[in-house]
Amino acid sequence: MSLSGKWTENKLQETKDQLEAILQGVADGINVLDATGRLIYVNEAAARAAGYPSAQAMLQAHDTGQLFERFDILDESGQPFPIAQLPNRLALQGRRPRL
Amino acid sequence: MCYRLRSTGEEKWSVVQATPILDEDGQVQFVVSISHDITDRRRAEETMARLASFPELNPNPIVEVDLAGQVHYLNAAAQQLLPGLQAAGPLHPWLADWASIADRFRQGTQSASREVPIGGLWYQQNLYYTEPSRRIRIYGLDITERRQAEEALQESEEKHRILLEESSDPIFTFYPDGQYRYVNKAFADGVGKTREEIIGKKIWDVFPKDEADKRYAAVKWVFENGITKVIEVRVPRPDGDRYYITTVKPILNDQGKVVSVICISKEITERKQAEEALAQHDRAMAALYETSLEINSQPNVPTCCMPLSGGRSSCWDADGRAVSNAAGRSDVGTCGQL
């Protein structure tokens, strides 16, 4: 690897670390799904809000199909809310929902 | 959206916004979701809604008004019961005399209470000054029934007061220590004083000690025993003694305790005088009878009988011959010897 390539890689890692620190530090919950609907990123705030001890634990729960075993999503009347109607699921179809 | 943690049962609220990240072909590559926790805000809103429901569901009118008399809030009951208030402002009877009320609050009064008539109804208003809005919150309560009851009671009391005042029989009440609580005019007249000179004074201030002791003994007994007692009393007067039969009756509270005694007197002076005259007459008759017995023991005294209907008496000597009442003595009794 060339010297400039190494510098670029270091700079990218530095930027990634800064971004990661910011995302993990914000109070709002942030999660990212890939095009298949797999949860590929979740910050600490989102994990804690969902009842998980860490972001890593929440990602593992998703991968083992146990993501929704720690909490229930409810509508205004207290009835179960359909998963397919969640904002991130609708966004997978190219929509920009807000709920 | 709302979600509930299974571990604790806690419900949380979030606003979630999901944004698709598209590739060059416009296909969804990622979806980024950002959720903002609004649980505290939702709970505050629920608390506010719950608190707001208190005045809203209150069946009594609640109104908030500024010092100028402009109405800023009416609860549901106020809107129904005071339909013209919002438009009329300080001209509405609900805000009667508002300028002087507002002045009192400007000068530092924090709360006030008053009663106002509105369309045949009476409302009690409790007014509270609120900072920092500098508005007056008015809590109304329909007191029409209470006012009517009070007026009826006042009317009844007035009638009874007149009855008591105008009664020709002395009527008076006592405290346990023998202090006069109430006396009517007949009582005051009977003892030759004004009502003001008697009420608040004790029995001993009004009557000689022997009469006062007698009265207080009866009053004390009734206070202690809760049983009605009847006594005969004498009222010394410059124009001659007056006599009364007095009924001393206990007044009991709900717990059966004697709180006062009421005395109702009936003057019996004429009856006493008649009894006294009769007693004097009996004594005279007895004396004459004694005298006649002495005369009867003397010889040659004719026997005389006087008709009960009056007229001259007839006399006989010892042999049964009629003789005149030559002795010139008064005819007494129905038959006897002169």
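Residues numbered from 1 in each chain as written. Chains lettered and ligands numbered in written order. Predicted model: local features only at pLDDT ≥ 70, side-chain atom pairs only at ≥ 80, totals over all residues.

A. Region of interest: helix α9 (residues 209-225) of chain B. Residues and elements named next belong to chain B. The terminal C-alpha atoms of α9 lie 24 Å apart, and with 17 residues this matches the ideal 24 Å at 1.5 Å per residue to within 8%. Every buried residue of α9 is accounted for by Arg 215, Val 219, Val 222 and Phe 223. Projection of α9 onto a plane perpendicular to its axis shows the buried side chains occupying an angular sector of 105°, all on one side. Exposed and oriented more than 90 degrees from the buried face of α9 are Lys 209, Asp 210, Glu 224 and Asn 225. (Helix = DSSP H or I, 4+ residues; strand = E, 2+ residues; numbered from the N terminus. Expected span 1.5 Å × (residues − 1). Buried ≥ 20, exposed ≤ 12 C-beta atoms within 10 Å, placed from the backbone. Arc of directions from axis to C-beta.)

B. Region of interest: the interface of chain A and chain B. On the chain B side, the residues contacting the 27 residues of chain A number 24 residues. Breaking the side of chain A that touches chain B down by element, the ones donating at least two residues are β1 (29-34), α2 (44-49), β3 (71-74) and α4 (87-91) of chain A. With six residues, β1(A) is the largest single contributor of residues to the side of chain A that touches chain B. Partitioned by chemical class, the residues of the side of chain A that touches chain B number 16 nonpolar, five polar and six charged. The pairing of β3(A) with strand β1 (residues 2-5) of chain B spans four bridges and is classified as antiparallel. Along β1(B), the bridge assignment pairs Asp72(A) with Arg4(B). (Contact = placed C-beta atoms within 7 Å. Nonpolar A, V, L, I, M, F, W, Y, C, P; charged D, E, K, R; others polar. Pairing = 2+ DSSP bridges.)

C. A look at the environment of Ala88(B). Looking at where Ala88(B) falls in the secondary structure, it is placed in helix α3 (residues 85-88). Among the residues examined, Ala88(B) registers 15 C-beta atoms within 10 Å and is labelled partly exposed.

D. Broad picture of the sheet that holds strand β6 (residues 111-118) of chain B. Residues and elements named next belong to chain B. An order of β5-β4-β8-β7-β6 is seen for the five strands of this open sheet, with the pairing classed as antiparallel. Sheet topology places β5 (71-74) and β6 at the edges, where each strand pairs with a single neighbour. Neighbouring strand axes in the sheet, compared pairwise and without regard to direction, differ in orientation by 25° on average. By the bridge criterion, eight bridges tie β6 to strand β7 (residues 121-130) in an arrangement that is antiparallel. Paired with Ser 113 across the bridge in β7 is Asn 126. (Axes fitted to C-alpha atoms, helices over the stretch in contact; angles between N-to-C directions.)

E. Seen up close, the environment of Val258(B). Residues and elements named next belong to chain B. Looking at the element boundaries, Val 258 is found in strand β13 (residues 258-267). For the pair Val 258 and Phe 223, spaced 35 residues apart in the sequence, the C-alpha separation amounts to 5.8 Å. Contacts of Val 258, omitting those with residues within four sequence positions, involve Phe 223, Gly 226, Pro 250, Ile 251 and Leu 252.

F. Examining the nonpolar core more closely. Residue and element names in this part refer to chain B. Val 63, Val 65, Leu 74, Ala 78, Leu 82 and Leu 85 are the most contacted members of the largest nonpolar core, which has 14 residues in total. For this core, the secondary-structure elements that each account for two or more residues are β4 (62-66), β5, α2 (76-81) and β8 (135-142). In this view, Leu 85 contacts Val 63, Val 71, Leu 74, Ala 78, His 92 and Trp 94; residues no more than four positions away in its chain are not counted. Membership of the second largest hydrophobic core comes to 11 residues, among which are Phe 172, Val 183, Phe 223 and Cys 263. (Core = buried A, V, L, I, M, F, W, Y, C linked by C-beta atoms within 7 Å.)

G. Structural detail: the confidence of the model for chain B. Residue and element names in this part refer to chain B. Overall, the predicted model of chain B reaches an average pLDDT of 87, with 90% of residues at or above 70. Contacts for the low-pLDDT stretch residues 326-334, under 50 throughout, to residues beyond four places or in other chains number 10 contacts. Reported for the predicted complex are a pTM of 0.49 and an ipTM of 0.87. (pLDDT = per-residue confidence, 0-100.)

H. Local environment of the sheet that holds strand β12 (residues 242-252) of chain B. All names here are of chain B. Taken in spatial order, the five strands of this open sheet run β10-β9-β13-β12-β11, and their pairing is antiparallel. Each edge of the open sheet is held by one strand with a lone partner, namely β10 (180-183) and β11 (229-235). Across the sheet, the mean angle separating the axes of adjacent strands is 25° when strand polarity is ignored. Sheet topology note: the strand β9 (residues 171-174)/β13 ladder contains four bridges and is antiparallel.

I. Region of interest: the environment of Arg137(B). Residue and element names in this part refer to chain B. One can find Arg 137 in strand β8. Residues Arg 137 and Leu 127, spaced 10 residues apart in sequence, show a C-alpha to C-alpha distance of 5.6 Å. Ignoring sequence-local partners within four residues, the contact set of Arg 137 consists of Glu 64, Tyr 128 and Thr 130.

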